[in-house]
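# Close look at the chain arrangement
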Amino acid sequence: MPPLLFNDDDVRARLDAATAVRAVRAAILAGHEGTLHAPPRVRADIGGGHLVFTAGRLREQGVLGFRAYVTRADAEQLVAVWGSDDGDLRALVHGSELGSRRTGAIGAVAVDTLARPEPVALGMVGAGTQAWAQLWAVREVRQITDVLVTARHIERAESFARRAADELGLTARAVAGVEEAVRDRDVVVVATDSRVPVLEADWIAPGTHVTTLGPKTLSRHEVPAALADRAAVLVTDSVAQAAGYPEPHVLPVDRMVDLGAVLAGATPGRTDAEQITLFSSVGLAGTEVAVAAALWETARHH
């Protein structure tokens, strides 16, 4: 059969959070078990930017593929998926929606693995596409009692809170300051493009799980290095990718453990309710192929 083509509207209509989280969880475990083959990303200098490729083969799922994008904030991505046994091109996905929902699903797996198991009060710093995808996916793994959200422009936070109530049925409120958004929260998601820390480490209460999505290098980082000092557990979805950044991380890579190892029970995660856990999301290569393949499976059966 010819490959199925998907755009952003198709992804919104066909990809539910349960499917995305399930696909990403399987890929993260496959990365730990050695059945996800994902070489280092390739950055091709095109003058004034880069064309970036990530690729992956999921042996158990029988698929392989790649993602390609240019390094600018508004760029669309292209994901292609083949069957690894027959070599047939199965799906092409273009746009930005699949990538953000894939990242949201990774964050949800981290919350499910590292946060305390009870219903959570959620604090969000940032009200853009990445923040929304995190909320969309976290709701699949935890009951959310309420959401506090803040952003550089309060109007965006207010719009985000209304959308959370209208589309997801959540109790959500915009607040003016970051400290109010993150203090005494069970889970905190930081999803900004800030070059400087947007919060103080001592604003995070004992027992909180924190996910950081935005800049995290020495020269540009949205959370302070001191937060890693307070965290009992520092996790990423790919230690190899974290270590391979062109500029070193502000968070200590030598302390990071793979989310897949924690998920598999090979490495301890949270061992105490009062521990702070910190997840540094770098986007495990191959997870976008896993989500695109799951989207293809869903579409061809409906």
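Let us look at the structure shown here. (Residues numbered from 1 in each chain as written. Predicted model: local features only at pLDDT ≥ 70, side-chain atom pairs only at ≥ 80, totals over all residues. Heavy atoms only, no water.)

Next up on the list: the sheet that holds strand 13 (residues 233–236). One open sheet holds the eight strands; their spatial order is 10-9-8-11-12-15-13-14, and the pairing between them is parallel. Looking at the sheet topology across the chains shown, the edges are occupied by strand 10 (172–174) and strand 14 (257–258). In the sheet, strand 8 (residues 120–125) pairs with strand 11 (residues 187–190) via four bridges, with the strands oriented parallel. Across the sheet, G123 pairs through a bridge with V188, a residue of strand 11. Contacts from helix 5 (residues 154–168) reach strand 8, strand 9 (144–150) and strand 10, with the element oriented near 170° to strand 10. (Pairing = 2+ DSSP bridges. Helix = DSSP H or I, 4+ residues; strand = E, 2+ residues; numbered from the N terminus. Contact = heavy atoms within 4.5 Å. Axes fitted to C-alpha atoms, helices over the stretch in contact; angles between N-to-C directions.)

The next thing to look at is the packing of aromatic side chains. On inspection of all chains with the given rule, the structure shows three aromatic pairs. Taken together, a centroid distance of 5.9 Å and an interplanar angle of 35° make the contact between F66 and W82 tilted. Linking F66 in strand 5 (residues 63–70) with W82 in strand 6 (residues 77–83), this pair joins segments that are 16 residues apart in sequence. Taking relative accessible area as the criterion, W82 reaches 25% and is therefore assigned partly exposed. Each member of the aromatic cluster is reached from another via a ring pair, and the members are F53, F66 and W82. Stacked on the ring of W136, the Lys or Arg R101 has its end atom at 4.5 Å from the ring centre. (Phe/Tyr/Trp six-rings, centres within 6.5 Å; stacked < 30°, edge-to-face > 60°. Buried < 20%, exposed > 50% of the residue type's maximum accessible area, 1.4 Å probe, protein only. Lys NZ or Arg CZ within 6 Å of the ring centre and 35° of its normal.)

Within the fold, A174 resides in strand 10. Residues A174 and M256 lie 82 residues apart in sequence; the distance between their C-alpha atoms is 32 Å. Those residues in contact with A174, other than ones at most four positions away along the chain, are V149, I154, A157, E158 and A161.

All told, the structure shown has 16 salt bridges when counted by the stated rule. For the salt bridge of E274 with R116, the shortest nitrogen-to-oxygen distance reads 4.0 Å. Taken as a pair, E274 in the loop between helix 9 (259–263) and strand 15 (277–280) and R116 in the loop between helix 3 (97–114) and strand 8 lie far apart in primary sequence, 158 residues in all. Several salt bridges share partner residues, and in doing so they unite D9, R12, E97 and R101 into one network. (Salt bridge = Lys/Arg side-chain N within 4 Å of Asp/Glu carboxyl O.)

Coordinates in, geometry out; function isn't part of it.
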